[in-house]
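Survey of secondary and tertiary structure
Take a look at the letters that make up each chain.
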Amino acid sequence: ASFGNTSFGSIFTLYGASVDVTYDLNFFGKAQRFLEAQQAGIDFNAIQLRAARLTLVGNIITTAVQEAGLRAQLAAQQEVIHAEQQALNISEQRYALGAIAKNELLLQRTAVAQLQTALPPLRKALAFSRHQLAVLVGEMPREADLPTFTLAELYMPKNLPLTLPSKLAQQRPDIQGAEALLHQASAQLGVATANLYPQFSISSGMGTQGTRLIDLLSTKPIWNLGANLVQPLFHAGELRAYKRAAEADYEQARAIYRSTLLQAFGNVADALQALQHDQQSYHLQLQTEALAKESHTLAAEQFAQGASSQLALLTAQSQWQQSHIAVIQARATLLSDTAALLQALGGSSLEKEDDDENHSYLHP
């Protein structure tokens, strides 16, 4: 600061330098609860990222399984059509010779036509699966260079548990996210509560002053120390309203957490139940295929000995291939539901531990 005419030079100029430090005393935990709220928000964002990645991986897996199943069904359906077409050719020859009635020939033609109608929907579903898989991996559908998936290349975990401890379900990102939001709401309630109490602070300062710049280095420092107390008076009603709002937010977060937890356990229970039934269905279809294969083998032996017609042999072959299609569908469903269980558990590993004796397992 300077006073008077500038022609007097610097004799009326006052120079000063000072440093001020203020400490807020955290008697009621406001600072800790504020930091907890911020950290809970950071945790929630990280959990959302993990949930997005888990969902993406799950969709890629199920789409790859769907593609492999459709490709296998398409190949098996073409084999069935080929066998029925051979049977139709024999029927055409027998009809030309007068060995069968036209009605029987028409039934055979209708059967072949019905089998052929299944090919376009399978091809369309397969193309859609390829397009969806390309989108999931971030490529253009017509330009994607994707591997070809087959059921023979896809494997389930060695052991699938029928019963699971609740701690596995707690690895789900939706439960972790709801827990983080509950923690954040609790911390914000703590901040709102602390704002109702007086706020203490201690401030100190050190400085020097003089009429010359050299005085700032040569004079003795000047110290000051003070304490402040801020008591909310005129905003007390507003602060109490903020506290009530924070309490309501906390109750809402707790209800959301409970609902998320129940929904998660419901998802896991559904996935486990689906796997149990899928496994039973898969084994039954395998038994059916084995019987159809045995029937085809018997028909082939009878045909080689002249005891059966070629038409009977082709019919047995068609039944065998139809049962094989059912096995393909059952296996694809089992693989898809296995991926659903992995996602329901938050992507946790289902491999059996050496010291684990408290679970029963499905053995694919």
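Residues numbered from 1 in each chain as written. Predicted model: local features only at pLDDT ≥ 70, side-chain atom pairs only at ≥ 80, totals over all residues. Heavy atoms only, no water.

**Considerations on the overall build of the protein**
If you tally the helices and strands in the protein, you get eight helices and five strands. When the helices and strands of the protein are read in sequence order from the N terminus, they spell out β-α-α-α-β-α-α-β-α-β-α-α-β. Here the protein holds 364 residues, and 32% of them are scored as buried. In the protein, 80% of the contacts between residues at least 6 apart in sequence involve partners at least 24 apart. Carbon together with sulfur atoms contributes 57% to the accessible area of the protein, which is approximately 22500 Å² in total. (Helix = DSSP H or I, 4+ residues; strand = E, 2+ residues; numbered from the N terminus. Buried < 20%, exposed > 50% of the residue type's maximum accessible area, 1.4 Å probe, protein only. Contact = heavy atoms within 4.5 Å. Areas by Shrake-Rupley, 256 points an atom, 1.4 Å probe, with all protein chains shown as cover.)

**Some points on the side chain of Glu289**
Position of Glu289 among the secondary structure elements: in helix H7 (residues 236-304). Here Glu289 sits buried without a salt bridge, and the closest side chain of opposite charge, Lys293, lies 7.5 Å off (N-O distance). Non-local contacts of Glu289, meaning those with residues more than four positions away in its chain, are made with Trp320, Ser323, His324 and Val327. (Lys, Arg positive; Asp, Glu negative; His and termini not counted. Salt bridge = Lys/Arg side-chain N within 4 Å of Asp/Glu carboxyl O.)

**Overview of the nonpolar core**
Membership of the largest hydrophobic core comes to 29 residues, with the highest contact counts inside it found for Leu151, Leu154, Leu335 and Leu341. Breaking this core down by element, the ones donating at least two residues are helix H1 (30-96), helix H3 (119-136), H7 and helix H8 (310-344). With nine residues, the single largest contributor to this core is H8. (Core = buried A, V, L, I, M, F, W, Y, C linked by side-chain atoms within 4.5 Å.)

**Re the pattern of salt bridges**
Counted under the stated rule, the structure contains six salt bridges. Glu67 is the salt-bridge partner of Arg130, the closest N and O atoms lying 2.7 Å from each other. Here Arg130 is found in helix H3, whereas its partner Glu67 is found in helix H1, with 63 residues between them in sequence. Assessed through its relative accessible area of 0%, Glu67 is described here as buried. Asp174 is paired through a salt bridge with Arg172; the nearest N and O atoms lie 2.7 Å apart. Residue classification places Asp174 among the partly exposed residues on the basis of a relative accessible area of 31%. For Arg172, a relative accessible area of 8% puts it in the buried group.

**Regarding the confidence of the model for the protein**
Taken as a whole, the protein shows an average pLDDT of 76; of its residues, 73% reach a score of 70 or greater. For the protein, the element scoring lowest by mean pLDDT is strand E5 (residues 361-362), at 38; H3 scores highest, at 92. Low confidence marks residues 1-17, where pLDDT is under 50. Its contacts with residues over four positions away, or in another chain, come to 27 contacts. In the predicted structure, residues 21-27 sits below a pLDDT of 50 and forms 17 contacts with residues beyond four places in sequence or in another chain. (pLDDT = per-residue confidence, 0-100.)

**Considerations on the environment of Ser281**
Along the chain, Ser281 turns up in helix H7. The partly exposed category is assigned to Ser281, whose relative accessible area is 32%. Expressed as a C-alpha distance, the spacing of Ser281 and Thr333, which sit 52 residues apart in the sequence, is 9.8 Å.

**Brief notes about the side chain of Ser91**
With respect to the secondary-structure elements, Ser91 resides in helix H1. For Ser91, a relative accessible area of 3% puts it in the buried group. Not counting chain neighbours up to four residues away, the residues in contact with Ser91 comprise Ile100, Leu105, Gln108 and Leu311.

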